[in-house]
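# Summary of structural features
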Amino acid sequence: MNFFQKQFSLATKRRGFHLITDEVLSHFPEIRTFSVGMLQVFIQHTSASLTINENADPTVRLDFETWCNKAVPEGDPDYQHDYEGNDDMPAHIKTALMGSSVLLPIKDGKLALGIWQGIYLGEHRNHGGNRNLIITAWGN
Amino acid sequence: MNFFQKQFSLATKRRGFHLITDEVLSHFPEIRTFSVGMLQVFIQHTSASLTINENADPTVRLDFETWCNKAVPEGDPDYQHDYEGNDDMPAHIKTALMGSSVLLPIKDGKLALGIWQGIYLGEHRNHGGNRNLIITAWGN
Amino acid sequence: MNFFQKQFSLATKRRGFHLITDEVLSHFPEIRTFSVGMLQVFIQHTSASLTINENADPTVRLDFETWCNKAVPEGDPDYQHDYEGNDDMPAHIKTALMGSSVLLPIKDGKLALGIWQGIYLGEHRNHGGNRNLIITAWGN
């Protein structure tokens, strides 16, 4: 049983959903040494999220942003936590809906994703800045 | 530390939420050999989901479908990804809301679920076809 | 590779979101012995949830409750599962949205959370009573 763990920052992204599978894997060439295992990707922030979805058509990512903005509106007068900007409290809720981590099976030195699956970063702030990830893998 | 990993297809399900705990466990009789560990069930698709919920009353699964259809409506003219059918883009969003995997503790050769918990498949397409799962377990 | 597993009950909480990081860690002093690893916190119920979010301002937790109550309204006449109280079916759906577990990296004997991250319990019933958790950790 081997363990691997690494922290790094993602290149800054604008608000919206972004496909980051290749960027994550560029920090984990050691995946080739795992014949079976798991990889967790964890984001150390509460206003940006990680999820898994369609890796081909960029309009899917645009529609994720559109849906999120309707489902979690900005400027709801019922929010009490409103002093960090109109995008802040909705960003916290969107993060909880999408999730703070993804857990992916590893098989034969590669992620065992479906052909259409990729890792999404959801950047929910207008100016989120750098986002720190910690990746942990374990297996044989 | 032992690792177990297996890929298989679920029997085709109609659109809606389905209890699949027994079907998953039928592919994993080796669970008896784990005194402590974890089981991840991962779905290799972006328009069907996995989550955990109430395992007794089938109307709970019907109400999940009802709520999802209201929260993520079909035919929103703001969707840009609309060429795969009205059910496609909502299926992607529902998948992100519910999740693409569940991670379950194993104790004494069995899943350590609460008495009312079961694994749900959310089939979000009208004609989703076969769905491939990969299950990975590790423990002692 | 070491495994650790423990079941315990949380002190009863009122309906709403609660920060439980310290309460969870009070049951896991053995975290100090892990230089690298993972901790899963799993709730054995279908009407209370676990998620990760902002650990500082209590109004964030209030706004989570406000948003959940709007997004998953009580008393929708379309619900078929309505005989356990108006808060029951919404509690199941909120649990699926927020999640039944969190998976956290361990580094140098501590949770590798971001500075603003904490573990939330979402108590979605009016009178949920005691909630049982099972925590499982593995690592070196």
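Keep in mind that what you see is a predicted model, and the values were worked out from it rather than measured.

## Focus on the interface of chain B and chain A
As a measure of interface size, the accessible area lost when the parts come together is often cited. Each partner contributes to the interface: chain B provides 31 residues, whereas chain A provides 32 residues. Summed over both partners, the interface of chain B with chain A comes to about 2,600 Å²; 62% of that surface belongs to carbon and sulfur atoms. Linking chain B with chain A are two salt bridges. Between A:K70 and B:D76 there is a salt bridge, with the nearest N and O atoms lying 2.7 Å from each other. The interface formed by chain B and chain A holds 15 residue pairs in polar contact (both at pLDDT 80 or more) in total. Every element with two or more residues in the side of chain B that touches chain A is listed here: β1 (2-10), β3 (36-43), α3 (88-98), β5 (101-107) and β8 (131-139) of chain B.

## Topic: the interface of chain B and chain C
Counting from both sides, the interface comprises 32 residues of chain B and, opposite them, 31 residues of chain C. Across the chain B to chain C interface the summed buried area is about 2,600 Å²; carbon plus sulfur atoms make up 62%. Put simply, chain B and chain C have two salt bridges between them. If you look at where chain B meets chain C, you find 14 residue pairs in polar contact (both at pLDDT 80 or more). Put simply, the parts of the chain that give the side of chain B that touches chain C at least two residues each are β3, β4 (48-54), α2 (58-71), α3, β5 and β8 of chain B. If you tally residues by element for the side of chain B that touches chain C, the top one is α2(B), at eight residues. Within the side of chain B that touches chain C, the residues separate by chemical class into 18 nonpolar, nine polar and five charged.

Rules used throughout
- Residues numbered from 1 in each chain as written.
- Chains lettered and ligands numbered in written order.
- Predicted model: local features only at pLDDT ≥ 70, side-chain atom pairs only at ≥ 80, totals over all residues.
- Heavy atoms only, no water.
- Contact = heavy atoms within 4.5 Å.
- Buried area = accessible area lost by both parts, 1.4 Å probe.
- Salt bridge = Lys/Arg side-chain N within 4 Å of Asp/Glu carboxyl O.
- Polar contact = N/O pair within 3.5 Å; in protein donor to acceptor, adjacent residues only side chain to side chain.
- Helix = DSSP H or I, 4+ residues; strand = E, 2+ residues; numbered from the N terminus.
- Nonpolar A, V, L, I, M, F, W, Y, C, P; charged D, E, K, R; others polar.

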